[in-house]
Amino acid sequence: WTPINEYSGTFNGNGHFINDLYIVSSSSNQALFGKTADDATIKNLGVSGTVKTTGNNTINTAGIVAEAVTGTKIENCTNAVQVTGIRNVGGIVGRAWGKTIISNCYNTGAISANQFAGGVIGQISIASGEQKLITVKQCYNTGIVSSIYGSIGAITYGDYAYLVKKSYYLEG
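A brief report on the enclosed structure follows. These figures come from a predicted structure and were not determined experimentally.

Attention shifts here to the overall build of the chain. Helix and strand counts for the chain come out as 0 helices and 18 strands. The burial tally for the chain puts 51% of its 172 residues in the buried class. Long-range pairs, those at least 24 residues apart, make up 81% of the contacts in the chain with a sequence separation of at least 6. Approximately 7500 Å² of the chain is accessible, and the part contributed by carbon and sulfur atoms is 46%.

The subject of this paragraph is unusual backbone geometry. The residue Asp20 is not glycine, and still its phi comes out positive at about 65°. Within the secondary structure, Asp20 is located in strand 2 (residues 10-25). Even without a glycine there, the phi angle at Asn104 is positive, about 55°. Structurally, Asn104 can be placed in the loop between strand 9 (101-103) and strand 10 (106-107). Residue classification places Asn104 among the partly exposed residues on the basis of a relative accessible area of 35%.

Counting residues in each nonpolar core, the largest one holds 35 residues, and the members touching the most others are Ile42, Ile74, Val93, Ile102 and Ile121. Among the elements of the structure, strand 2, strand 4 (41-53), strand 6 (65-68), strand 7 (73-90), strand 8 (93-96), strand 11 (111-118), strand 12 (121-124) and strand 13 (134-137) are those that each provide at least two residues to this core. Per-element tally for this core: the top contributor is strand 7, with 5 residues. Non-local contacts of Ile102, meaning those with residues more than four positions away in its chain, are made with Ile74, Ile92, Val93, Val120, Ile121, Thr135, Val136, Lys137 and Cys139.

Bringing the state of the cysteines into the picture now. Scanning the model with the defined rule gives 0 disulfides in all. Cysteine Cys105 is unpaired, with the sulfur of Cys77 as its nearest cysteine sulfur at 4.8 Å. Residue Cys139 stays outside any disulfide, its sulfur separated by 4.8 Å from that of Cys105, the closest cysteine. Classification of Cys139 as buried rests on a relative accessible area of 0%.

Turning our eyes to something else, we now look at the pairing of strand 4. Across 11 bridges, the pairing between strand 2 and strand 4 is parallel. The residue bridging Ile23 from the neighbouring strand is Val51, located in strand 4. Summarising the sheet, strand 4 and strand 7 pair through 11 bridges and their orientation is parallel. Residue pairing in the sheet places Gly49 in a bridge with Val81 of strand 7.

Before going further, it helps to examine the side chain of Thr61. Inspection of the secondary structure puts Thr61 in strand 5 (residues 59-62). Polar contacts involving the side chain of Thr61 include one to the side chain of Thr53, which spans 3.0 Å. In this structure Thr61 touches Gln30, Val51, Thr53, Val83, Thr84, Gly85, Arg87, Asn88, Val89, Gly90 and Gly94, once residues within four positions along its chain are discounted.

Mapped onto the secondary structure, Cys77 falls in strand 7. With relative accessibility at 0%, the residue Cys77 sits in the buried group. Linking Cys77 and Ile92, residues 15 residues apart in sequence, is a C-alpha distance of 7.6 Å. Residues within four places of Cys77 in sequence aside, it is in contact with Ile42, Lys43, Asn44, Leu45, Ile64, Ile92, Asn104, Cys105 and Tyr106.

Parameters at a glance
- Residues numbered from 1 in each chain as written.
- Predicted model: local features only at pLDDT ≥ 70, side-chain atom pairs only at ≥ 80, totals over all residues.
- Heavy atoms only, no water.
- Helix = DSSP H or I, 4+ residues; strand = E, 2+ residues; numbered from the N terminus.
- Buried < 20%, exposed > 50% of the residue type's maximum accessible area, 1.4 Å probe, protein only.
- Contact = heavy atoms within 4.5 Å.
- Areas by Shrake-Rupley, 256 points an atom, 1.4 Å probe, with all protein chains shown as cover.
- Core = buried A, V, L, I, M, F, W, Y, C linked by side-chain atoms within 4.5 Å.
- Disulfide = S-S within 2.5 Å.
- Pairing = 2+ DSSP bridges.
- Polar contact = N/O pair within 3.5 Å; in protein donor to acceptor, adjacent residues only side chain to side chain.

Encoded structure:
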């Protein structure tokens, strides 16, 4: 699969589930959607399969969106993809930027990284001087999250401004 890049507008999966997504790449931004454009919306979609990045400097690997840029909304999405990468590895989003909102999503896939891994978001980033929150609400993770060098979170990893509401991790 070649990721959909710079996606803008609204993608409505209408509750469909994509089975057997398969990506093995030495490039960054690997997922169903490689990168969104500002204010994109991805909703009502499920994915299963395998996504793996292998390059030493690759970043942003996920099941649904590798890199969600400012204002992206991801709603009612499910990830059952086994995701393996180097940095910024997540079930729903690999890396999220300011004002991203992720709601009513869940991850059941195993997430593994060298650094920065999360069940829903692998890494939260804020542009210099930006004070905009990333919001994760009514999401959960049941997948195992692991990282060789630490920096992991059951829901998200990040040391920037974010808000997590009514979200949880269920140990399986």
